[in-house]
Amino acid sequence: MPNTEILVIGGAGYVGSHFVLHALKQGFSVQVWDNLSTGHRSALKDVRFFEGDLNDRGEFQEHLAGNRYHTIFHFAASCLVGESVSNPAKYYENNVLAAFNMLEAMRRTNHDRVVFSSTCSVYGLPDKLPIREDHAKNPISPYGKTKLAIEWMLEDYGAAYDIRWAALRYFNAAGCEPDDGLGEDHDPETHLIPNVVRHALGLDPKLVIFGNDYPTPDGTCIRDYIHVTDLAEAHVAAMRKLEEVSQIRLNLGTGRGLSNLQVVEGVSRACGRKLGPVFGPRRPGDPPELVADPGEAFRTLQWHPHRSDLDRIVAEVLRWMSDHPGGYSGPP
Ligand SMILES: NC(=O)c1ccc[n+]([C@@H]2O[C@H](COP(=O)([O-])OP(=O)(O)OC[C@H]3O[C@@H](n4cnc5c(N)ncnc54)[C@H](O)[C@@H]3O)[C@@H](O)[C@H]2O)c1
């Protein structure tokens, strides 16, 4: 399969750019389609880059018509849970409508394989942990609802138009590849690890943990952190698996939960200094605990996340942020 031509929509973003790097290292020929709304052109090297918006279906369809991709990887989305509550229109447009545009363009140009970035937010507040794929789907944010709606579209398009698809439900993506110049640079940054590291480096004066009265051992939320390059590997494995099966729905996580305070301790350990967070109110829609049962993914993809250790993740993020205190675009 090396030298196979693939298209990565949203490839200039955090997870997408790490996937692009991994796919290039695996010998794939990679093209990226991204509107740079939250992505970074400088996160991409050695790829053909098209600056375009998935909401422009005509332009995207024309692009697909002029190319023949083995598989399309769809990372592009708006993905801030809080913003999705205050501005759901943006999420239905940029997630649901844009995915519809992609599927329509695929159908009309005979592209028949897609790997889609879904999320554990499709489950909502879990009533059973760790979460298996067959757990009830009751998303509590517009963000989670838009991702579930896209999974339904994939199901129906797959059945009616012979499109093979994988929906990979990530838990919390973390870590980076500082040796290759790749990091995490969101604005605003809502993810815990980069925010704790920013505080440790003196880039943010205050470190706020949202809620310390959850029903967890230390009162803070528990999440399952998976390394972005482990995610990237799972995407390649899913593409290969689509040679045999026509639909895949899998959790991508480690099966291990870490509390917010355990993450803060990990960063304190790495920088040799005790960090003192302050506690703010709970964020609406934050479940106390989200941990994957990744057994089905391990079996189906013959894949195992072996980079997802907290100390390794924190060391990488510290290195990248020390080298890039202002993110991709320069000094702070
Ligand atoms: N980061 C996580 O922890 C996490 C967890 C679960 C799921 N996900 C999903 O993974 C995907 C990637 O997340 P991320 O953290 O890398 O986000 P990101 O914002 O860093 O990347 C998204 C990329 O898509 C591009 N994009 C957005 N809308 C577009 C459009 N209409 N047309 C073309 N390009 C567009 C952006 O410019 C950006 O480069 C998203 O679909 C997200 O929902 C991420």
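Conventions and cut-offs
- Residue numbers run consecutively from 1 along every chain, following the written order of its sequence.
- For this predicted model, a pLDDT threshold of at least 70 governs which residues receive local features, and a threshold of 80 or more governs which side-chain atom pairs are given and counted, while totals over whole chains, interfaces and linings are taken from all residues.
- Side-chain calculation: all heavy atoms of the structure are included, whereas hydrogens and water are not.
- Put simply, a salt bridge is a Lys or Arg side-chain nitrogen that is within 4 Å of an Asp or Glu carboxyl oxygen.
- Partly exposed describes any residue whose relative accessible area lies between the buried limit of under 20% and the exposed limit of over 50%, with all areas from a 1.4 Å probe on protein chains only and scaled to the type maximum.
- Elements are defined by DSSP. Helices are runs of H or I of four residues or more, strands are runs of E of two residues or more, and each kind is numbered from the N terminus.
- Nearness is defined per residue: one heavy atom within 4 Å of the molecule or strand is enough.
- Throughout this description, a polar contact denotes any pair of N or O atoms lying within 3.5 Å of each other; where both atoms belong to protein, one of them has to be capable of donating a hydrogen while the other can accept it, and for residues adjacent in sequence the pair is counted only when both atoms sit in side chains.
- Each accessible area value is a Shrake-Rupley result obtained with a 1.4 Å probe; residue values ignore everything except the protein chains displayed when judging cover.
- Think of it as three bins: nonpolar holds Ala, Val, Leu, Ile, Met, Phe, Trp, Tyr, Cys and Pro, charged holds Asp, Glu, Lys and Arg, and polar takes everything else, Gly as well.
- Cavities and pockets are defined on a 1 Å grid built over the protein atoms alone: a cavity is a set of grid points where a 1.4 Å probe fits but cannot escape, while a pocket is an open set with protein on both sides within 12 Å along at least five of seven lines, and lining residues are those with an atom within 4 Å of any such point.
- Grid points are joined across faces, edges and corners, and a volume is the space filled by probe spheres set on the points.
- Residue ranges assigned to each domain were obtained from an automatic or database domain assignment.
- The criterion used for residue contact is that any of the two residues' heavy atoms lie within 4.5 Å.
- Computed with a 1.4 Å rolling probe, the buried area is the accessible surface lost when two parts are put together, summed over both parts.
- Note on pairing: DSSP must find at least two bridges between two strands before they are called paired.
- Angular values range over 0 to 180 degrees, each being the angle between N-to-C directions of two axes fitted as lines to C-alpha atoms, with helices fitted over their stretch in contact.

Chemist: Before we move on, could you go through the pattern of salt bridges and cite the residues and values that matter?
Modeler: One pass over the structure, following the stated rule, counts 20 salt bridges. Put simply, glutamate 83 and lysine 90 hold a salt bridge, and the shortest N to O gap is 3.1 Å. With relative accessibility at 25%, the residue glutamate 83 sits in the partly exposed group. You can call lysine 90 partly exposed: its relative accessible area is 34%. Among the salt bridges present, the one from arginine 108 reaches glutamate 104, with a minimum N-O distance of 2.9 Å. With a gap of four residues between them, arginine 108 and glutamate 104 both fall in helix α4 (residues 88-108), about one helical turn apart. On the basis of relative accessibility, which here comes to 49%, the residue arginine 108 falls in the partly exposed class.

Chemist: Outline the site of the ligand, listing residues and values.
Modeler: For the ligand, the set of nearby residues contains 30 residues, the closest of which are Asp34, Thr38, Asn94, Tyr143 and Lys147. A distance of 3.0 Å separates an oxygen atom of the ligand from a polar backbone atom of serine 37. Within the backbone of alanine 173, one N or O atom sits 3.0 Å away from an oxygen atom of the ligand. For the ligand, the accessible surface in isolation is 830 Å², of which the surrounding protein chains cover 97%. With three residues, strand β5 (residues 113-119) is the single largest residue contributor to the shell around the ligand. Broken down by class, the residue content of the shell around the ligand amounts to 13 nonpolar, 14 polar and three charged.

Chemist: So what's going on with empty space enclosed by the protein? Which residues, and what values?
Modeler: According to the stated counting rule, one finds one cavity of 30 Å³ or more in the structure shown. In this model, the largest cavity occupies a volume close to 30 Å³. Along the walls of the largest cavity sit Tyr14, Gly175, Glu184, Ile193, Pro194 and Val317, which together make up its complete lining. Within the lining of the largest cavity, the residues separate by chemical class into four nonpolar, one polar and one charged.

Chemist: For the domain arrangement of the protein, give the residues involved together with the corresponding values.
Modeler: Here the protein is described as being made up of domain 1 (5-174 + 226-252) and domain 2 (178-223 + 255-329). The centre of domain 1, based on its C-alpha atoms, is set 23 Å off from the matching centre of domain 2. If you look at the interface, domain 1 gives 36 residues, while domain 2 gives 32 residues. Around 3,100 Å² of area is buried between domain 1 and domain 2 when both sides are counted, 66% of it from carbon and sulfur atoms. The largest contributions to the domain 1 side of the interface with domain 2 come from Tyr14, His227 and Asp230, which together make up 17% of the buried area. Across the domain 1-domain 2 interface, the total number found is three salt bridges. Where aspartate 230 meets arginine 307, a salt bridge forms, and the shortest distance between an N and an O atom there is 2.7 Å. Viewed at the interface, domain 2 and domain 1 are joined by 11 residue pairs in polar contact (both at pLDDT 80 or more).

Chemist: Could you give an account of the side chain of glutamine 31, with specific residues and numbers?
Modeler: Tracing the backbone through its elements, the reader meets glutamine 31 in strand β2 (residues 29-34). Take glutamine 31: its relative accessible area is 3%, and that puts it in the buried class. In this view, glutamine 31 contacts Glu5, Ile6, Leu7, Val8, Arg48, Phe50, His63, Asn67 and Tyr69; residues no more than four positions away in its chain are not counted.

Chemist: Describe the sheet that holds strand β11 (residues 247-252), with residues and values.
Modeler: On the basis of which strands lie adjacent, the open sheet formed by seven strands has the order β3-β2-β1-β4-β5-β6-β11 and parallel pairing. On the outer flanks of this sheet lie β3 (48-51) and β11, each paired with one strand and no other. Across the sheet, the axes of successive neighbouring strands diverge by a mean angle of 20 degrees, strand direction being ignored. The sheet contact formed by β2 and β3 spans four bridges and is parallel. Within β3, the position partnered with aspartate 34 by the bridge is glutamate 51. Docked against the sheet, helix α5 (residues 142-161) engages β5, β6 (164-170) and β11, running at close to 155 degrees with respect to β5.

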